[in-house]
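Observations on the three-dimensional arrangement
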Amino acid sequence: MIKKLAACVGEYKKYAIATPFIMLGEAVMDIVLPLIMANMIDYGIQAKDMGYTIRMGLLMILCTLFALICGAGGGITAAHAATGFAKNLRAKLFKTVQTFSFSNIDRFSTASLVTRLTTDVTNVQNAFQMLIRMAVRSPVMLIGAAIMAIRINPELSAIFLVVIPILGISLFLIMSKAHPRFEAMMEKYDALNNSVQENLSAIRVVKAFVREDYEDKKFKNSADNVRRAQLFAEKLVILNSPIMQLCMYGCILAVLWFGGNMVIGGTFEIGKLSSFISYVTQTLMSLMMLSMVIRM
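Residues numbered from 1 in each chain as written. Predicted model: local features only at pLDDT ≥ 70, side-chain atom pairs only at ≥ 80, totals over all residues. Heavy atoms only, no water.

1. Some thoughts on the overall build of the protein
Going by this rule: Strands here mean DSSP runs of E at least two residues long; helices mean DSSP runs of H or I at least four residues long; both are numbered from the N terminus. Within these notes, the globule rule equals 2.2 Å times the number of residues to the 0.38 power, and the radius of gyration is based on C-alpha atoms. Note on exposure labels: buried denotes an accessible area under 20% of the residue type's maximum, exposed denotes more than 50%, and partly exposed covers the range between, all computed with a 1.4 Å probe on protein chains only. In what follows, residue pairs with any heavy atoms lying within 4.5 Å of each other are defined as contacts. Calculation of accessible area relied on Shrake-Rupley with a 1.4 Å probe; when residues are assessed, cover is drawn exclusively from the protein chains displayed. By the counting scheme adopted, Arg and Lys are positive, Glu and Asp are negative, and His together with the chain ends is not counted. By convention, charge coordinates are those of NZ in Lys, CZ in Arg, CG in Asp, or CD in Glu.
Along the protein, the regular secondary structure elements total 10 helices and zero strands. Beginning at the N terminus, the succession of helices and strands in the protein can be written as α-α-α-α-α-α-α-α-α-α. Taken over the C-alpha trace, the protein has a radius of gyration of 26 Å; the compact-globule value for 296 residues is 19 Å, which it surpasses by more than 25%. Its C-alpha atoms put the protein at 85 × 40 × 30 Å along the principal axes. Buried positions account for 40% of the 296 residues belonging to the protein. Within the protein, contacts between residues separated by at least 24 positions form 86% of all contacts whose residues are at least 6 apart in sequence. For the protein, the exposed surface amounts to about 17,100 Å²; the carbon and sulfur share of it is 70%. Between the centroid of the 29 positive side chains of the protein and the centroid of its 19 negative side chains there is a distance of 4 Å.

2. Observations regarding helix H5 (residues 110-152)
To keep it simple, the criterion reads: For a helix, the expected span equals 1.5 Å multiplied by the residue count minus one. Note that the bend at a residue is defined as the angle between axes fitted to the seven residues ending at it and the seven residues starting at it.
Helix length check: H5, at 43 residues, gives a terminal C-alpha distance of 60 Å against a target of 63 Å (1.5 Å per residue), a fit within 8%. Leu131 marks the point of greatest bend in H5, at about 35°.

3. So, the environment of Gln125
Following the sequence through the fold, Gln125 ends up in helix H5. For the pair formed by Gln125 and Lys87, sequence separation is 38 residues and the distance between their alpha carbons is 9.2 Å. Filtering out sequence-adjacent residues up to four positions away, Gln125 remains in contact with Ala82, Thr83 and Ala86.

4. Considerations on the pattern of salt bridges
To keep it simple, the criterion reads: Any Lys or Arg side-chain nitrogen found within 4 Å of a carboxyl oxygen on Asp or Glu counts as a salt bridge.
Under the definition given, this model contains seven salt bridges. Measuring nitrogen to oxygen at the nearest pair gives 3.2 Å for the salt bridge that ties Glu26 to Arg137. With Glu26 in helix H2 (residues 13-45) and Arg137 in helix H5, this residue pair connects regions lying 111 residues apart in the sequence. One salt-bridge network, in which partners are shared between bridges, spans Glu26, Asp30 and Arg137.

5. With respect to the packing of aromatic side chains
Worth spelling out the cut-off: The aromatic pairing rule takes the rings of Phe, Tyr and Trp, using the six-membered ring of Trp, and pairs them if the centres are within 6.5 Å, calling planes under 30 degrees apart stacked, those over 60 edge-to-face and the rest tilted. We count a charge as sitting over a ring when the NZ of a lysine or the CZ of an arginine lies within 6 Å of the ring centre and within 35 degrees of the ring normal.
Under the criterion given, the structure shown has one aromatic pair. The residue whose ring lies beneath Arg181 is Phe232, and the NZ or CZ to ring-centre distance is 3.7 Å.

Spatial relationships are all this shows, so hold off on functional conclusions.
This is how it looks when you write it as structure tokens:
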């Protein structure tokens, strides 16, 4: 299946290959920026060295601009690759459907085939776009930020040993429970499309037998079933955000508590504490982005 899907990238392969490398540049800049900020605070502002502070500030601006260019460029190339991929995939699916016999069409149902060609292809397109953007950026940022945090203060980095397993297990449980709910939601989409298709193909019959009210009620029931299925699936997935926020802010509170005592004791510099908090945020956000890719 992966090989068949990969073949649909086709002439947009150059965009799909270029995107991860461009996003890599953004990830590297995001990792470097907190370190520059720490040096500016510790060796520039606290030492009252205005020249060093200005140089570090200009360097941060350049790094930010480079990250902005990489992020925008990665978004453009990813959009080209994903939309081109979806176009080719939809064309191949449509061509395959044309070869189906009437018995196959009856077995799959017209409504289900319409869903495959529209909603499903769009979901695969979004997943592909997230894959070539975040699936490279997130692991690089996760590993890079974790290494930098350990390098700054190995003792404080022990907080990761508590927070990351909790976050990882929570996200895994949510995704594993949400998957069957989204499958059920897609079946409701099929029923909705089937209702629309029946009314379009048999509109004369509906009007001849004065069945408009019945068909309106039938469509409203199908739409309401889709709404309830979406709500049932999404109310589980949205737990990602509060769990993520709880872990992230709990981790930051622990860092500020223990790190602040180290700063007061003179064993830790305030600039490095600021950069450590940035790396903590980057590490946890990377896990969150990876979970989004896997969910899609």
